[in-house]
Amino acid sequence: MEEMIEKGFILSFDELRILLHSLGVRTVEGVYMPEKEFTDSEVIKALHHLAKSGLILSAGERFLIREDLREVLEAISRPEASFIWRNESEGGQEYYCYVVPGRVAVSERYWKKSDTIKLRLFTVEEFEAWKEQAEDDNGGDRNPYDGEIV
């Protein structure tokens with residue numbers, strides 16, 4: 001079986017909140033983030049980091065979210081269905097999955113950094129292959145490529 005190369009987005013909770021808020025989204029299933037009011041400097045700092053990493057494009061007082069990231073954000077904020085998938089071979093690691101036509105977005109806590117989440121978007125076929133590979137790995141790393149885009 002070929003090994004899948006995973007691509008994903010690593011976002012702090014603050015970055016995720018700000019991006020979702022910019023899309024008019026106030027709540028998301030499966031992602032627990034305590035409510036927070038931002039100072040102007042926190043918003044500017046998060047936007048600067050997102051722009052520096054290429055996830056948003058700044059246009060004066062407005063910004064554009066990179067298209068592939070926008071697709072993931074729209075999937076997690078407006079799914080047709082959602083469910084939790086638990087990988088028993090990884091000690092019960094839980095992934096929150098969001099289904100949109102032809103695609104599955106996956107979110108998980110990213111434990112290498114505090115208050116951080118990893119988001120990925122798969123076709124249905126890629127998602128099934130990813131799950132199968134994850135279950136076959138017996139808890140090891142699925143791929144030496146971490147997929148971090150930050």
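Keep in mind the model is a prediction, meaning the values are calculated, not measured.

Explain the packing of helix α1 (residues 13–22) against helix α3 (residues 67–77) to me, please; I cannot follow it from the model alone.
At a minimum axis separation of 11 Å, α1 and α3 run at an interaxial angle of 80 degrees. With respect to their mutual orientation, α1 and α3 come out roughly perpendicular. On α3, the residues that touch Leu16, Leu19 and Leu20 of α1 are Leu69, Leu73, Ile76 and Ser77. Looking at the contact of α1 with α3, its residues break down into six nonpolar, one polar and no charged.

Just checking my understanding: could you explain the pairing of strand β6 (residues 103–109) for this structure?
Consecutive residues of a regular strand have side chains that alternate between opposite faces of the sheet. β6 sits mainly inside the fold: five of its seven residues count as buried. In this structure, strand β5 (residues 93–100) lies alongside β6, joined through five bridges in antiparallel fashion. Bridge pairing links Val99 to Val104 in β6. Taken together, β5 and the strand that follows it, β6, pair antiparallel across an intervening segment of two residues, in which Gly102 is found at a positive phi of about 80 degrees. In terms of strand pairing, β6 meets strand β7 (residues 116–123) through seven bridges, oriented antiparallel. Looking at β7, one finds that Arg109 is bridged to Ile117. Count of turn residues in the β6/β7 antiparallel hairpin: six residues, of which Asp115 carries a positive phi of about 50 degrees.

So what exactly am I meant to see when it comes to the side chain of Arg17 here?
Turning to its location among the elements, Arg17 is positioned in helix α1. Setting aside residues no more than four positions away along its own chain, Arg17 makes contact with Met33, Pro34, Lys36 and Phe38.

Which parts of the structure should I look at to understand the nonpolar core?
Most often, soluble globular proteins keep nonpolar side chains buried together rather than apart. Judged by nonpolar contacts, the single largest core of 26 residues is most densely connected at Leu11, Leu16, Leu19, Leu69, Leu73, Ile76 and Leu119. Elements represented by at least two residues in this core include exactly β1 (9–12), α1, α3, β5 and β7. Sorting elements by how many residues they give to this core places α3 first, with five residues. If we ignore the near neighbours within four places in the chain, the residues touching Leu19 are Leu11, Leu50, Ile56, Phe63, Ile65, Leu69 and Leu73.

Please clarify how helix α2 (residues 40–52) should be interpreted in this entry.
With 13 residues, α2 should reach 18 Å at 1.5 Å per residue; the first-to-last C-alpha distance of 18 Å fits that figure. Remark: Gly54 follows α2 within two positions and exhibits a positive phi of approximately 85 degrees.

Hey, could you run me through the environment of Phe63 in this one?
Within the fold, Phe63 resides in strand β3 (residues 62–65). Residue classification places Phe63 among the partly exposed positions, given a relative accessible area of 25%. Along the primary structure Phe63 and Leu47 are separated by 16 residues, whereas in three dimensions their C-alpha atoms are 8.7 Å apart. Those residues within four positions of Phe63 in sequence are excluded, and the remaining contacts are Leu19, Ser22, Leu47, Ile56, Leu57 and Ser58.

It is not clear to me how the sheet that holds β7 should be interpreted in this structure. Could you clarify?
Remark on secondary structure: sheet strands pair via backbone hydrogen bonds, oriented parallel or antiparallel. One open sheet holds the five strands; their spatial order is β1-β7-β6-β5-β4, and the pairing between them is antiparallel. Strand pairing shows two members of the sheet lacking a second neighbour, β1 and β4 (81–87), which therefore form its edges. For this sheet, the mean angle separating the axes of adjacent strands, direction not counted, is 25 degrees. Where α3 meets the sheet, it contacts β1, β5, β6 and β7, and its direction lies at approximately 95 degrees from that of β7.

Rules used throughout
- Residues numbered from 1 in each chain as written.
- Predicted model: local features only at pLDDT ≥ 70, side-chain atom pairs only at ≥ 80, totals over all residues.
- Heavy atoms only, no water.
- Axes fitted to C-alpha atoms, helices over the stretch in contact; angles between N-to-C directions.
- Helix = DSSP H or I, 4+ residues; strand = E, 2+ residues; numbered from the N terminus.
- Parallel < 35°, antiparallel > 145°, perpendicular 65-115°, else oblique.
- Contact = heavy atoms within 4.5 Å.
- Nonpolar A, V, L, I, M, F, W, Y, C, P; charged D, E, K, R; others polar.
- Buried < 20%, exposed > 50% of the residue type's maximum accessible area, 1.4 Å probe, protein only.
- Pairing = 2+ DSSP bridges.
- Core = buried A, V, L, I, M, F, W, Y, C linked by side-chain atoms within 4.5 Å.
- Expected span 1.5 Å × (residues − 1).

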